[in-house]
Amino acid sequence: MDLLGLGRSGVLAFQNALNATGDNVANADTPGFVRRKVILSTQPAGRGGPFERASLSGAGVRTRAVVRDVDALKANAARVASGDQARFGARLDWLQRLESLSTTAGVATRLGAFFDAGTALAAAPTQGAARTAFLAAADDAAGAFSGLGDDLAALEQDVRAEAALSARRVNDLAAALVRVNEQLRRGDEGDTAANGTLDNRDSLLKDLANEVRISITEGTRGTVEVKLGVGPAAVTIVPYAGNSSRIGVAADGQTVLLNPEFDPQPLRLPASGRLAGLLEANGEIIRARAALDGQASQFAGLINEWHRGGIDANGQPGTALFATTGIETIVGKANAGSAPLDVLLADGAVPDASGYRLVADAAGFTLARGDGSASVSGPGPLLLDGLTVSIGAGAVTGDQWRLEPLSGARGLSLRPLAPADVAAAGRWLLDGPPGATRLPTITPDAGALALPGGDITPPPWRISITAAGIAEVRDPTGVTLLATVPADGSLIEGPGVRFTLPAAAPVGSIFRITPTPAAARDNGNALALANRRSQPGPNGTLEAQLDAELADIGSSVANTRRLEAAAAALKEDTARANDAVSGVDLEREAAELTRLQAAYRANAQVVGIARDLLDQILGITG
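Residues take numbers from 1 onward in each chain, read along the sequence in its written order. Thresholds applied to this predicted model are a pLDDT of at least 70 for local features of residues and 80 or more for the giving and counting of side-chain atom pairs; totals over whole chains, interfaces and linings are not thresholded and use all residues. For side-chain calculations, the full set of non-hydrogen atoms in the structure is used, while hydrogens and water are omitted.

Draft legend 1. Structural view of the sheet that holds strand β14 (residues 364-369). For two strands to count as paired, DSSP must find a minimum of two bridges between them. Counting from the N terminus, the helices are DSSP H or I runs at least four residues long and the strands are E runs at least two residues long. The antiparallel open sheet is built from five strands, whose spatial order is β11-β18-β13-β14-β15. The sheet is open, and its two borders are formed by β11 (326-331) and β15 (375-378), each paired with just one other strand. Each strand axis lies, on average, 15° off the axis of its neighbour in the sheet, ignoring direction. Pairing of β11 with strand β18 (residues 400-406), which is carried by six bridges, proceeds in the antiparallel orientation. By the bridge assignment, I327 is partnered in β18 with P405. Throughout, an axis means a line fitted to C-alpha atoms (over the contacting stretch in the case of helices), and angles, computed between N-to-C directions, take values from 0 to 180 degrees.

Structure below.
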């Protein structure tokens, strides 16, 4: 009977082993499946009795457990490497989109075309075609800034939405792990169902590590505690028992919050996982938007100041060439109607910084400032703060719209100017004695208020050199003395103008400064535009800044691409090392099947021999 028991125990044990190997083969291509192996041990020997084996008899073999073939260190290394690759992959994807938008917009190219049009205008200041082409180039340059600004704003919204989805996925995975922990606590350790649940657990942990960097501590029955990050500052998001914690992305698109709905607390997100890559990409987009806004504001300020310094074809001082404020219409997400909106901001109007809110009600519409300080109601059009809002048919009571002021690149646009409004001529005309080799220099300056001595009579002036280094400024008749000024090349201030008198001018020389009349053929202001093109700002000329910004984006893309390639290679290596332990190798399983089948047959033969012996013994006794 002992021999029969030994053979029977071996048959049952190796049958379990064969079943486990068969499961491995059947699930070789199942994602997340971890190779099973059977642990055999000696049957316990009893003290003898009706239900116990005698202490001196053979104990046999038993299946102690069917376990998953896992190396915890290699599995964790694979998860970390996968998270690093996900981080760089997400960042690369969005940075490539940023680079594509910036390159396609061609802001620097259109800016150069605008300055080139200014050069053409200087060559033909009175020609309508040159003025029209100049305005078209100005409109194109402003459109390049505003178009790229809109594209970057949309890109930022997209990456923020993607980051919010990633945070939501983290929360869903954490909640799923809580349920898995509950199943593991209730199940039997080491059985088939528990192993399947552990496979599910590891798959969830892998997906979670792709989103954020986690640290894992395993408890009894395979339950896990998961923390966001590593080290003592790591926050538990999945406890051994109890509910998971939730995370979210703050409104700035840069900060991760713990418990965002009830008690938001900022977290330091580890630099690993897809969520980290999205936030890093969003930071690059925010930086690029800020740089573009600064460049647009610098461009508008530079050109508006230049244009105000000239005289247009009507003899009027130049006005601002570009408007720097616009309006964005945001349709309410819960709107049931489909009424179109036509929003017009009057030239020169400054919208309220709090924005506006338009609401459809039973009596019509109400347009109110965001802070509630003013409002208008009626069927439309509605006029408030220079903002005209016309509403088409199709509105439903309760529909809402937000009107937000735009600045920077998105707020830049060409003002409604006619070709005659282009201030190509200089504000002042200057002449001197025939044959004069050196003339005074003159610069418009609205901040200059009075001549030395306090006289505020603007040009025309008659300036005569009365002695070496001394000149007199008089009215056009030469009768009224307005001021005595130095003629040594030093800068002199007058109402609306600054000028210098050459030190080498001979005594008796007479110069005249007069306002530029209408339809003058002067191109002084158009020529001055070339100086504005080469005028350096905080980071070089405008075109140089735009080129440098595009180069910085390209450098970030190239650097991220290198990091992503290195992370992908490491991910592949660690996955291969982990699969060498936990993965199913069909050749290995085939060899294992051969070995187990031989052991099974050997134990079956023991059972057969024991049966034959028993039959012979029973035959003898009979």
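There is more to say, and it comes next.
Draft legend 2. The sheet that holds strand β22 (residues 441-444), seen in detail. In space, the three strands of this open sheet follow the order β22-β27-β26, with antiparallel pairing throughout. Here the strands that pair on one side only, and so sit at the sheet edges, are β22 and β26 (491-494). Each strand axis lies, on average, 20° off the axis of its neighbour in the sheet, ignoring direction. Relative to strand β27 (residues 497-500), β22 runs antiparallel, the two sharing four bridges. Paired with T443 across the two strands is R498, which belongs to β27.

Draft legend 3. Seen up close, a nonpolar patch on the surface. Patch criteria: residues need more than 30% relative accessible area and no salt bridge. Like-charged residues are merged within 9 Å; nonpolar side chains of Val, Leu, Ile, Met, Phe, Trp and Tyr are merged within 5 Å. Using a 1.4 Å probe, accessible areas were evaluated by the Shrake-Rupley method; residue-level cover was limited to the displayed protein chains. The working definition used for a salt bridge is a side-chain nitrogen of Lys or Arg within 4 Å of a carboxyl oxygen of Asp or Glu. Residues L3, L6, I609, L613 and I617 make up a contiguous nonpolar surface patch of about 410 Å² in total accessible area. Looking at the nonpolar patch, the elements that each hand over two or more residues are α1 (2-26) and α9 (586-621). One can find L3 in helix α1.

Draft legend 4. A look at the packing of aromatic side chains. Aromatic contacts are taken between Phe, Tyr and Trp rings whose centres are within 6.5 Å, Trp giving its six-membered ring; a plane angle under 30 degrees counts as stacked, one over 60 as edge-to-face, and the others as tilted. A full pass over the atoms with the stated rule returns nine aromatic pairs. Geometrically, the ring pair formed by F114 and F115 is edge-to-face, given 5.3 Å between the ring centres and 65° between the ring planes. Residue F114 is classed as buried on the basis of its relative accessible area of 0%. Each residue in the set F114, F115, F134, F145, F299, W306 and F322 is aromatic and connected to the rest through ring pairs, giving one cluster. Classification of residues uses two cut-offs on accessible area relative to the type maximum, computed with a 1.4 Å probe and protein chains only: under 20% is buried, over 50% is exposed, and between them is partly exposed.

Draft legend 5. Broad picture of empty space enclosed by the protein. As defined here, a cavity is a set of points on a 1 Å grid over the protein atoms alone where a 1.4 Å probe fits but cannot get out. A pocket is an open set with protein on both sides within 12 Å along at least five of seven lines, and residues line them when an atom is within 4 Å of a point. Grid points are joined across faces, edges and corners, and a volume is the space filled by probe spheres set on the points. Scanning the model with the defined rule gives one cavity of 30 Å³ or more in all. Computed from the structure, the largest cavity encloses a volume of approximately 50 Å³. Taken together, N76, R79, V80, A209, V212, R213, I214 and S272 make up the full set of residues lining the largest cavity. Per-element accounting of the lining of the largest cavity gives the leading share, three residues, to helix α2 (residues 72-105). Three classes are used, and their members are as follows: Ala, Val, Leu, Ile, Met, Phe, Trp, Tyr, Cys and Pro are nonpolar, Asp, Glu, Lys and Arg are charged, and the others, Gly among them, are polar. In terms of residue class, the lining of the largest cavity is built from four nonpolar, two polar and two charged.

Draft legend 6. Fine view of the packing of α2 against helix α4 (residues 128-186). Relative orientation of the contacting elements α2 and α4 amounts to 170°, with a least axis distance of 10 Å. One way to sum up the angle between α2 and α4 is to call them roughly antiparallel. Seen from α2, the contacting residues are W94, R97, L98, L101, S102 and A105; seen from α4, they are A144, L148, D151, L152, L155, D158, V159 and E162. Residue composition of the contact of α2 with α4, grouped by class: nine nonpolar, one polar and four charged. We call two directions roughly parallel when the angle between them is under 35 degrees, roughly antiparallel when it is over 145, roughly perpendicular when it lies between 65 and 115, and oblique otherwise. Any two residues whose heavy atoms approach within 4.5 Å at even a single point are treated as in contact.

Draft legend 7. How the structure looks around the confidence of the model for the protein chain. The predictor's confidence in any single residue is recorded as pLDDT, a number from 0 to 100. Overall, the predicted model of the protein chain reaches an average pLDDT of 88, with 96% of residues at or above 70. The secondary structure element of the protein chain with the lowest average pLDDT is strand β2 (residues 61-68), at 75, and the one with the highest is α4, at 95.

Draft legend 8. Highlighting the nonpolar core. Core analysis: the biggest nonpolar cluster contains 82 residues, and F114, F145 and F299 have the highest contact counts within it. Excluding residues that lie within four positions of it along the chain, F299 makes contacts with L111, F114, F115, A141, F145, F322, L412 and L542. W428, W461, A471 and F511 belong to the second-largest nonpolar core, a separate cluster that totals 18 residues. Residues grouped as a nonpolar core are buried Ala, Val, Leu, Ile, Met, Phe, Trp, Tyr and Cys residues, joined through side-chain atoms within 4.5 Å.

Draft legend 9. Fine view of unusual backbone geometry. That bond from G380 to P381 is cis: its omega, 0°, falls within 30 degrees of zero. With respect to the element layout, P381 can be found in the loop between β15 and β16 (382-384). Unlike most non-glycine residues, N259 shows phi in positive territory, near 50°. Topologically, N259 is positioned in the loop between β7 (256-258) and β8 (265-267). Positive phi is not limited to glycine here, since A519 has a value of about 60°. Positionally, A519 belongs in the loop between β28 (510-515) and α7 (524-533).

Draft legend 10. Looking closely at the pattern of salt bridges. Under the definition given, this model contains 33 salt bridges. Residue D140 is joined to R110 by a salt bridge in which the shortest nitrogen-to-oxygen separation is 3.5 Å. Taken as a pair, D140 in helix α4 and R110 in helix α3 (residues 107-123) lie far apart in primary sequence, 30 residues in all. Look at D140 and you get partly exposed, because its relative accessible area is 36%. Of the residues examined, R110 reaches a relative accessible area of 30% and is grouped as partly exposed. Between R201 and E218 there is a salt bridge, and its shortest N-O distance comes to 3.4 Å. Of this pair, R201 sits in helix α5 (residues 192-211) while E218 sits in strand β3 (residues 214-218), placing them 17 residues apart in sequence. Take R201: its relative accessible area is 5%, and that puts it in the buried class. Note on E218: relative accessible area 52%, which makes it exposed. Within this structure, E162, R169, D207, E211 and R274 form a network of salt bridges that share partners.

Draft legend 11. Expanded view of α2. To estimate the expected span of a helix, count its residues, drop one, and scale the result by 1.5 Å. The end-to-end C-alpha distance of α2, which contains 34 residues, comes to 50 Å, matching closely the 50 Å that a straight helix rising 1.5 Å per residue would cover. Residues adjacent in sequence count toward polar contacts only when both atoms are side-chain atoms; beyond that, a polar contact is any pair of N or O atoms within 3.5 Å, and within protein one must be able to donate a hydrogen and the other to accept it. The N-capping residue of α2, defined by a side-chain oxygen 3.1 Å from the backbone nitrogen of L73, is D71. Where α2 ends, the next residue or the one after it, G106, has phi of about 60°, a positive value.

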